[in-house]
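Observations on the model geometry
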Amino acid sequence: MIKDAAISFTLKAYLVALFIFVFAPIVTSVVFSFNSDRFPSIPLGDFTFHWYELVLNDPDMLTAALNSLFVAVVSAVIATAIGFCTAYSDYRYNFRFKGPYLALALLPPTIPLIIMALAMLAWLSKIGLSGSVLSIIIAHSVLCMPFAMAIIRLRLSQMDSSLEAAAWNLGASEWGAMREVVIPFTRPAIISSLCLTAAVSFDEFAVAWFVSGLNKTVPVVILEIVQGNIDPRVNAIGTFVFLTSITLVVIAQIIFMKNQKNGKAS
Amino acid sequence: MTEPLVKFRDVVKRFGNFIAVKRMDLDIYEGEFVAFMGPSGCGKTTTLRLLAGLETPSEGEIRLDGELMNEVKPHERETPLVWQSLALFPFLNARENVEFGLKMRGFDADVRREKATKWLERLGMGEFIERDVSQLSGGQRQRVALARALVTEPKILLLDEPLSALDAHLVIRMQGVLTKLQRELGITFVYVTHSQSEAFAMADRVVIMGEGNIQQVGSPREIYRTPKNRFVAEFVGRNNILSGTVQNVQTDTLVVKTPSGDFSVPNPEDRTFQVSDPISFSVSADLVTISVERSDADNCVECNLISEEFIGSVVTLFLEANDGTELKAQVQEKELEKIDPKLQISYYMSWPTRSAHVLENNPSEE
């Protein structure tokens, strides 16, 4: 009994330590974003919205936010669409070189980001696309696709293999079965993939920094601000970015967990 | 008889080097309840999938209602299938599942709703029309699957081991539901199963398949009493199979010499035997008599009791002749007292000549 209690206590302590470790920097940043002092120091100064006002009134910041949002949404849609096709081709067909095909599809996250970013820059400038918003979208779609594929593939693996054939048997063409059965079945995974890939793109810095040129995204602007001096505006921006990302990830997680439960019940 | 609804002509189905169906010829008529039965891997499910268009024949022709179906896509034929896994759509409720086939055929929403409701009510699912599939029991899902397949009012319904996932008492009940439905609708049911009791209880005709071949087609009674060959005799079970050579040919009977003794069997009309031809015959386990004294019946063989299997009113005795041939006898439990079975004691198994039935060779041995 004592031993059990000891284990339980240790696990709880570990969990608390883990959360402190992960969230302390973020909480600090949020706290200082409301602090009137120029430099982050204890004791805190007065409570203020000053830094938020500065950020919201900065046209560069607004442009960057719109850029980030646009890039995140478009890359999420492209990555999820390609990810769905890849996952479906894996589910439905058997072909030669399927192993290498899947390995290739899952490759991007294993490449060091800096290498990926350099390669992207070299390639995109060669075809005359570097420095445009489109180039960030291309790079982020590549980066996000494997996540989309993994999520959708997991859902497809729970699908009864006769489900699609049952739709054909009841008069659905291949496209009809795709529209009426495969997509509805994978819908939760598609939605969580959209949220997750949007979050990945929204936060991504290294590749965006290399290929963005003048069309900066939020993480790129943050770096530029902190490179010059210590500026509490960064805390305010950070709070925004954190809220956006965590919201997307939480939505993805909730939908995905619900879908896992339904998958088991059916 | 009228033109068959389904015609298989020289149908062969190969998967790479494996031949799932070897040259099948079969006619299925309108309003028939046909059961395909056989061990797993015998080609029965492939046959059903060929009929539904989920597989394309490698050779031969499949005709449905006179029309050549070989290249017709699954969604272009009216051959609804009730799946072994049921394959209900988990994201739709009971009614939406049933409506699916109508939706794909472009029926209006209110027509779909009306028909789906009608079929679900007919199958006793009136209370559960708007239920999610995950909230239904096994038997209820079964009914939704049936309604979904029947809602388009097809001429033929395919069923792939639909009862294999149900509890024993539900199987009996669903058998009743299916037979009644088939009789009321008057449409053709093609039913695939490995269960002899399901096939015999429901089907008008049973097709026994083995190793990709049709081994025998006939009524359940024919298959039970007159198995065509050794494969069927063994698969149907509870048959004593004896092999030997012809020793004496008479008009009505043949005398067969086997390692267990000499026996007389009816001389089959459709085949001619000569002395020293090899021959096999079967005697159903429920047509033999077991006695303690040698009997004066036409055929009698001495044997030892090995074990017994008690399943209620009927007991199966497993015996062994002096040469090691395995024999079986089915005896009414109430008659068992007369024999008082004890292990390792000699008994006599006897049967009249007319109970024996000469077997053909398996097609694969020819």
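Residues numbered from 1 in each chain as written. Chains lettered and ligands numbered in written order. Predicted model: local features only at pLDDT ≥ 70, side-chain atom pairs only at ≥ 80, totals over all residues. Heavy atoms only, no water.

**Focus on the overall build of chain B**
The secondary structure content of chain B amounts to nine helices and 20 strands. Across the 366 residues in chain B, those meeting the buried criterion constitute 52%. The long-range fraction of contacts in chain B, counting pairs at least 24 apart against all pairs at least 6 apart in sequence, stands at 65%. Summing over all exposed atoms, chain B offers an accessible surface of approximately 17100 Å²; the carbon and sulfur share of this is 45%. Counting 41 positive and 55 negative side-chain charges, chain B places the averaged centre of each group 5 Å from the other. (Helix = DSSP H or I, 4+ residues; strand = E, 2+ residues; numbered from the N terminus. Buried < 20%, exposed > 50% of the residue type's maximum accessible area, 1.4 Å probe, protein only. Contact = heavy atoms within 4.5 Å. Areas by Shrake-Rupley, 256 points an atom, 1.4 Å probe, with all protein chains shown as cover. Lys, Arg positive; Asp, Glu negative; His and termini not counted. Charge placed at Lys NZ, Arg CZ, Asp CG, Glu CD.)

**Focus: the overall build of chain A**
In terms of helices and strands, chain A carries eleven helices and zero strands. Sequence-ordered secondary structure for chain A, helices as α and strands as β, is α-α-α-α-α-α-α-α-α-α-α. Here the C-alpha coordinates of chain A stretch approximately 70 × 70 × 30 Å along the principal axes. Partitioning the contacts of chain A with sequence separation of at least 6, the portion at a separation of at least 24 is 73%. Carbon and sulfur atoms provide 74% of the accessible area of chain A, an area that totals close to 14600 Å². Within chain A, one finds 16 positive and 15 negative side-chain charges whose respective centroids are separated by 12 Å.

**Points about the confidence of the model for chain B**
For chain B, mean pLDDT is 89; residues scoring 70 or higher make up 98% of the total. Interface confidence for the predicted complex, expressed as ipTM, amounts to 0.83; the pTM equals 0.81. (pLDDT = per-residue confidence, 0-100.)

**Considering the packing of helix α5 (residues 113-126) of chain A against helix α6 (residues 133-156) of chain A**
Working note: a packed helix pair is described by the angle between its axes plus the distance between those axes. Residues and elements named next belong to chain A. Interaxial distance between α5 and α6 falls to 11 Å at its minimum, and their mutual angle equals 140°. With respect to α6, the axis of α5 lies oblique. Judged by the twist between their axes, the crossing of α5 over α6 is right-handed. Across from L113, M116, M120 and L124 in α5, the residues of α6 making contact are S135, I138, A139, V142 and L143. The residue makeup of the contact of α5 with α6, split by class, is eight nonpolar, one polar and no charged. (Axes fitted to C-alpha atoms, helices over the stretch in contact; angles between N-to-C directions. Parallel < 35°, antiparallel > 145°, perpendicular 65-115°, else oblique. Left-handed = near helix turned anticlockwise from the far one by under 90°. Nonpolar A, V, L, I, M, F, W, Y, C, P; charged D, E, K, R; others polar.)

**What about the interface of chain A and chain B?**
With 18 residues of chain A in contact, the opposing surface of chain B contributes 22 residues. Interface of chain A and chain B: buried area, both sides summed, is about 1800 Å²; carbon and sulfur atoms make up 69% of it. The largest contributions to the chain A side of the interface with chain B come from N169, L170 and E180 of chain A, which together make up 38% of the buried area. Taken together, the links from chain A to chain B amount to one salt bridge. In this structure, the salt-bridge partner of K103 of chain B is E180 of chain A, at a minimum N-O distance of 3.1 Å. On the surface where chain A and chain B come into contact, there are six residue pairs in polar contact (both at pLDDT 80 or more). Listed by contribution, the elements that provide at least two residues to the side of chain A that touches chain B are α7 (162-169) and α8 (174-203) of chain A. (Buried area = accessible area lost by both parts, 1.4 Å probe. Salt bridge = Lys/Arg side-chain N within 4 Å of Asp/Glu carboxyl O. Polar contact = N/O pair within 3.5 Å; in protein donor to acceptor, adjacent residues only side chain to side chain.)

**Side note on the environment of A208 of chain A**
Residues and elements named next belong to chain A. With respect to the secondary-structure elements, A208 resides in helix α9 (residues 206-211). In this structure, the C-alpha to C-alpha distance between A208 and A105, residues 103 residues apart in sequence, is 21 Å. When residues no more than four places from it in sequence are discounted, the contact partners of A208 are I136, H140, T217 and V220.

**Some details on the sheet that holds strand β5 (residues 67-68) of chain B**
Pairing is antiparallel across the open sheet formed by four strands, whose spatial order is β2-β1-β4-β5 (chain B). Both edges of this open sheet fall to β2 (18-28) and β5 of chain B, since each of them pairs with a single strand only. (Pairing = 2+ DSSP bridges.)

**Considerations on the sheet that holds strand β8 (residues 188-193) of chain B**
Residues and elements named next belong to chain B. With respect to topology, six strands assemble into an open sheet ordered β6-β7-β8-β3-β9-β10, the strand pairing being mixed. Two strands bound the open sheet, and with one partner strand each, they are β6 (81-82) and β10 (213-218). Sheet strands touched by helix α1 (residues 44-52): β3 (33-37), β6, β7 (156-160), β8 and β9 (205-210). Its angle to β7, the strand with the most contacts, is close to 145°.

**Focus on helix α3 (residues 109-122) of chain B**
Residues and elements named next belong to chain B. Between its terminal C-alpha atoms α3 stretches 20 Å, which fits the 20 Å expected from 14 residues at 1.5 Å a residue. Of the positions making up α3, those classed as buried are R112, A116, T117, W119 and L120. Down the axis of α3, the buried side of the element spans an arc of 165°, and every buried residue falls inside it. Opposite the packed face of α3, turned more than 90 degrees from it, sit the exposed residues D110 and E114. Residues of α3 that are buried make contact with α2 (94-104), α4 (138-150) and α5 (168-185). Backbone geometry just after α3 places G124 at a positive phi near 75°. (Expected span 1.5 Å × (residues − 1). Arc of directions from axis to C-beta.)

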